[in-house]
Amino acid sequence: MSHDRGKLEAIFDRYSRQPESLIAVLQDIQKEYRYLPGPALLETAEALKVPLSKVFSVSTFYNAFSLTPKGETVVRICVGTTCHIRGAKVIQQQIENMLGIKAGETTPDMKFTIEVVACVGACAMAPVVAVNDQFHGGVTVAGLKRLVKKV
Amino acid sequence: MMHIESPKQLAEYRKKCVAEESKYTRKVLVCCGPGCLANGSQKISDEFKRILSSKKIKGFSIEALRDTGCHGYCEQGPLVIIEPDGTFYTHVKVKDVAEIIDETIAGKKVIERLLYCDPDTAKKIEKYSDIPFYSHQTRIAFRNLGRVSQCDINQYIAIGGYQALAKTLADMTPEQVIKEVSASGLRGRGGAGFHAGKKWATCAGIQEKPHYVICNGDEGDPGAFMDRAIMEGDPHSVIEGMIICSYAVGSNQGYIYVREEYPLAVVNLQKAIEQARELGLLGENILGSDHSFDIHVSRGGGAFVCGESSALMKSVAGEVGEPRAKYIRSVVKGLFDKPTVLNNVESLANIPVIIDKGGEWFSKIGTSTSTGTKAFSLVGKVNNSGLIEVPMGTTLREIVYDIGGGIRDGRPFKAVQTGGPSGGCLPESKLDLQVDFDTLTKAGSMMGSGGMIIMDDRTCMVDVAKYFLSFLVDESCGKCVPCREGLYQLHAMTVAVSEGRATEADIEKMEKLSDMIVIGSLCGLGKSGPNPFLSTVMYFRDEYLEHIRNKRCPAGVCRALIQYTINEKCNGCMACITACAHHAITGKKKEPHFINQELCDKCGACYAVCQHDAITIT
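Definitions and cut-offs
Residues numbered from 1 in each chain as written. Chains lettered and ligands numbered in written order. Predicted model: local features only at pLDDT ≥ 70, side-chain atom pairs only at ≥ 80, totals over all residues. Helix = DSSP H or I, 4+ residues; strand = E, 2+ residues; numbered from the N terminus. Rg over C-alpha atoms; globule rule 2.2 N^0.38 Å. Buried ≥ 20, exposed ≤ 12 C-beta atoms within 10 Å, placed from the backbone. Contact = placed C-beta atoms within 7 Å. Domains from an automatic or database assignment. Nonpolar A, V, L, I, M, F, W, Y, C, P; charged D, E, K, R; others polar. Axes fitted to C-alpha atoms, helices over the stretch in contact; angles between N-to-C directions. Parallel < 35°, antiparallel > 145°, perpendicular 65-115°, else oblique. Left-handed = near helix turned anticlockwise from the far one by under 90°. pLDDT = per-residue confidence, 0-100. Pairing = 2+ DSSP bridges. Arc of directions from axis to C-beta.

Counting its secondary structure elements, chain B contains 25 helices and 19 strands. A compact globule built from 618 residues would reach a C-alpha radius of gyration of about 25 Å, and chain B, at 26 Å, matches this within 12%. Taking all 618 residues of chain B together, the buried fraction comes to 55%. Sequence-distant contacts in chain B: of pairs separated by 6 or more residues, those separated by 24 or more amount to 72%.

What follows deals with the overall build of chain A. What chain A contains, in helices and strands, is seven helices and four strands. For chain A, the sequential pattern of α-helices and β-strands runs α-α-α-α-β-α-α-β-β-β-α. With the C-alpha coordinates of chain A rotated into their principal frame, the extents come out at 50 × 30 × 25 Å. Going through the 151 residues of chain A one by one, you find that 42% of them count as buried. Within chain A, residue pairs in contact and separated by at least 24 positions form 58% of the contacts whose partners lie at least 6 positions apart.

What follows covers the domain arrangement of chain B. Residue and element names in this part refer to chain B. If you check the domain split of chain B, you get domain 1 (26-83 + 87-126), domain 2 (153-363), domain 3 (373-456), domain 4 (461-549) and domain 5 (563-617). With 14 residues of domain 2 at the contact, the number on the domain 3 side is 17 residues. In terms of residue class, the side of domain 2 that touches domain 3 is made up of five nonpolar, four polar and five charged.

Here we come to the packing of helix 19 (residues 481-498) of chain B against helix 20 (residues 504-520) of chain B. Residue and element names in this part refer to chain B. One can describe the packing of helix 19 onto helix 20 by two numbers: an axis separation of 10 Å at closest approach and a directional angle of 160 degrees. Classified by the angle their axes make, helix 19 and helix 20 are roughly antiparallel. Every pair of crossing elements has a handedness; the one defined by helix 19 and helix 20 is left-handed. Together, Pro482, Cys483, Gly486, Leu487, Gln489, Leu490, Met493 and Ala496 of helix 19 and Asp506, Met510, Leu513, Ser514, Met516, Ile517 and Gly520 of helix 20 make up the contact between the two elements.

Turning next to the interface of chain A and chain B. Buried accessible area, meaning the area lost when the parts come together, often serves as the stated size of an interface. Listed by partner, the interface residues are 42 residues for chain A and 46 residues for chain B. Within the side of chain A that touches chain B, the residues separate by chemical class into 24 nonpolar, 16 polar and two charged.

Further remarks concern the packing of helix 7 (residues 163-171) of chain B against helix 14 (residues 345-357) of chain B. All names here are of chain B. Two elements in contact, helix 7 and helix 14, have axes whose closest approach is 8 Å; the angle formed by their N-to-C orientations is 60 degrees. Considered as vectors, helix 7 and helix 14 are oriented oblique to each other. Here helix 7 runs over helix 14; the crossing is left-handed. On helix 14, the residues touching Gln163, Ala164, Lys167 and Thr168 of helix 7 are Pro352, Ile355 and Asp356. In terms of residue class, the contact of helix 7 with helix 14 is built from three nonpolar, two polar and two charged.

All names here are of chain B. Across chain B, the average pLDDT comes to 93, with 100% of residues at 70 or higher. Predicted confidence in chain B is weakest over helix 2 (residues 34-38), with a mean pLDDT of 88, and strongest over helix 11 (residues 235-249), with 98. For this predicted complex, the interface confidence comes out at an ipTM of 0.91, alongside a pTM of 0.93.

To continue, consider the environment of Cys483 of chain B. Residues and elements named next belong to chain B. Note that Cys483 resides in helix 19. The exposure class assigned to Cys483 is buried, which follows from the 27 C-beta atoms found within 10 Å. When the C-alpha positions of Cys483 and Pro530 are compared, they lie 9.4 Å apart, and in sequence the two are 47 residues distant. Not counting residues up to four positions away in its chain, the partners in contact with Cys483 are Ser476, Ile517, Ser521, Leu525, Gly526 and Gly529.

So, about the domain arrangement of chain A. What the domain assignment lists for chain A is domain 1 (5-61) and domain 2 (73-150). For domain 1 of chain A and domain 2 of chain A, the distance between their C-alpha centroids amounts to 29 Å.

Once that is clear, we can look at the pairing of strand 3 (residues 80-83) of chain B. All names here are of chain B. As paired strands, strand 1 (residues 27-31) and strand 3 are joined by four bridges and run antiparallel to one another. Each residue of the ladder has a partner; that of Leu29, found in strand 3, is Ile81. Pairing between strand 3 and strand 4 (residues 87-89): three bridges, direction antiparallel. Following the sheet pairing, Ile81 is matched in strand 4 by Phe88. Between strand 3 and strand 4, which pair antiparallel one after the other, the connecting turn spans three residues, and Gly86 there sits at a positive phi close to 75 degrees.

To continue, consider helix 3 (residues 38-48) of chain A. All names here are of chain A. Residues of helix 3 that are buried: Ala40, Thr44 and Leu48. The arc that holds the buried residues of helix 3, viewed along the axis, is 50 degrees, so those residues lie on one side. Those residues of helix 3 that are exposed and aimed more than 90 degrees away from the buried face are Gly38, Pro39 and Leu42. Two residues or fewer after helix 3 comes Lys49, characterised by a positive phi angle close to 55 degrees.

Residue and element names in this part refer to chain B. Within the open sheet, the four strands sit side by side as 9-8-7-10. Their pairing is parallel. Since the sheet does not close on itself, it has two edges, and those belong to strand 9 (294-299) and strand 10 (340-344), each with one partner. Within the sheet, the average angular offset between the axes of one strand and its neighbour, ignoring direction, is 20 degrees. Bridge analysis of strand 7 (residues 211-217) against strand 8 (residues 251-258) gives seven bridges, and the strand direction is parallel. Within strand 8, the residue paired with His211 across the bridge is Ser251. Along the sheet, helix 11 contacts strand 7, strand 8, strand 9 and strand 10; its crossing angle with strand 7, the most-contacted strand, is approximately 155 degrees.

It is worth spelling out unusual backbone geometry at this point. Following Ala126 of chain A, the chain continues into Pro127 of chain A via a peptide bond in cis, with omega recorded as -10 degrees. By the secondary structure assignment, Pro127 of chain A is in the loop between strand 2 (112-117) and strand 3 (129-131). At the junction of Lys209 of chain B and Pro210 of chain B, the peptide bond is cis and its omega measures out at -5 degrees in the coordinates. Examined against the element boundaries, Pro210 of chain B turns out to sit in the loop between helix 9 (196-204) and strand 7. Even without glycine at this site, Ser16 of chain A takes up a positive phi of about 50 degrees. In this structure, Ser16 of chain A sits in the loop between helix 1 (5-14) and helix 2 (22-33). Ser16 of chain A sits in the exposed class, given 8 other C-beta atoms within 10 Å. For Leu287 of chain B, which is not a glycine, the phi torsion comes out positive at approximately 50 degrees. Within the secondary structure, Leu287 of chain B is located in the loop between helix 12 (263-279) and strand 9.

All right, on to the environment of Phe225 of chain B then. Counting through the fold element by element, Phe225 of chain B comes out in the loop between strand 7 and helix 10 (226-233). The class for Phe225 of chain B is buried, based on 34 C-beta atoms found within 10 Å. Measuring from C-alpha to C-alpha, the distance between Phe225 of chain B and Gly386 of chain B comes to 9.4 Å, with 161 residues separating the pair along the chain. For Phe225 of chain B, the residues in contact, after removing those within four places along its chain, are Gly121, Ala122 and Cys123 of chain A together with Pro34, Glu219 and Ser377 of chain B.

This brings us to the sheet that holds strand 15 (residues 451-456) of chain B. All names here are of chain B. The strand order across the open sheet formed by five strands is 12-11-15-13-14, and the pairing between neighbours is mixed. Each end of this open sheet is capped by a strand with a single partner; those strands are strand 12 (386-391) and strand 14 (424-427). Taking each pair of neighbouring strands and ignoring which way they run, the sheet shows an average axis angle of 30 degrees. Here strand 13 (residues 413-418) runs beside strand 15; their pairing, made up of five bridges, is antiparallel.

Residue and element names in this part refer to chain B. For strand 13, the buried fraction is high: six of the six residues fall into the buried class. Relative to strand 14, strand 13 runs antiparallel, the two being bridged by four bridges. Bridge assignment links Thr418 to a residue of strand 14, and that residue is Gly424. Counting the residues that bridge the hairpin from strand 13 to strand 14 gives five residues, and of these Gly419 lies at a positive phi of roughly 85 degrees.

Structure, rendered in structure tokens:
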């Protein structure tokens, strides 16, 4: 992490350093750095006056947070019920093969991260793959190559 | 924007909004709901804007172009609707936009090609109200979806928005509001079905202050997206419902808890809250009354358990979302240990209508114990996927066949899954059941928040149970042992069944274990956790036994028990060879291919790409 105190201070101030805004603060840090860097957790604990243990426990409890850096492009494969029965597993395996990593991992060049998510709420278009929050519905194995190429 | 100081001023303001709206006789509504967005409707809207901003059309201005909330018929999306005729265009592409502008908007001619085609009669239907998918529905919670821009308070006011709030503050006491909500019989749409009026009355009766109002927008059930559509497409309905609730229970601070996966809902709700504040509908002394109320949007962190009330309240307070035992209910000791009313998005969206038309009117819709309507996301292997809203008491058959248009590709119906991970699967013999809180629970499933996933013969019930259990194992917060360890074991045993390693005695063990998890767990997640197994083993026991006795998966899903082979229909197109990541398929172009079973990983990629029905699963 490029240690940028100013950015962190701005985030803390946005929420008036309220202890109950811990989740919101961590969400903004995650957005800024694409993960939660260790030093940022220490500073959060100090700024919000909450124990570091609590910051750590919240950071590891919620799926939205990651303690390891994520890639520039995050490919989120929806594995909700509808996507599951409409073949999300095959899609997941194909994407994993194409990028050479498993779900939850990041490519060594830090370009791609694959995530699975338990439902993005676009079930009518299942199976759904979201690339950096851009949704793609009705994904097929045959159409995947085009999708990944576009990315 | 003006600051509205009284109900009378709101009425005057409304007149202006209505006058403004009536300027636009013709409107173009581009659906930007969850389904259409996933299909690229934003690009279509942008294309409309691009062309219309440089082109003058008589009798039409660009202000009449609207990005609306979900219209429901996601299967046919992206949708574009031209009002006032109700012309309904389906599967619209960016390249169709210029033609729609020239032909339909400027020329008032209908483009046949883009109309909905009834699969039964093969006839084109022009108006959406004539399409069977819509004609069987009654829309209350979804009343504004698809009619107005997603976040425009003036349009909302023009079609009657915030009138119920004005009526509440001007003419009703908090007791009268609670009486009206109680008379409506409204039960919690989040799944538990608790009477909203009762909850409000309990909270209002507690002396200790402050009281809080929370809207539960943590729509965690995979397969459900009704609340997402409401929060994104009609946020003002939810906000109005919350303000009315706050007045009834004497609260000055509200929270909307939105799940992490719905970033657009957060943006739209925040925009709508800002608009309401500017007009003075949120904040100090709303409409000149003594009542003050404001709302804060709280983003979730991606944890399913946070849909549970006590976990949700912990999460709003910035803590780990672990539920607590509810000897004392959250309405008594909730957020920050203060009395808290928690209602679901859909419940709150119903409130303005209940106040407007009266509790009695609402109570006459639906059944005697489950009043009103219920929104469902009708998805899975059904022809017409989308969001629907029907009166309580509608049968599953009507939903699946009359609205849903039956099963895809003409395959047989196998099961309908309701209630998310806590619910269950109902077989064909239960299709004539009425959909309401009590009937579904009695049948071994539950209403849940409204996900309705239709399954055909290609869906394996053991796999479905395994899927939900694996989801619950991931999402269990780990606080209590029966849920954390029990579900883990139950999942492991389901995996054993799916791999043909289980014995018949294991089924009994699983049933016993399930009973213990139900009795011993702390919160709803654990208590209802074994449901996916219990309901599938109750209605599809034979399928479990087929896996155990004959090591066969009849639906062709469980990998350890199936084999992919290539049949005589293969024309040697090479598609499967390209798709196979394990190099298990060999063959030359235009010659039949062959799958090497040693190398085959059974991922199903070949089956998914084959256009010639040449892959057999045995």
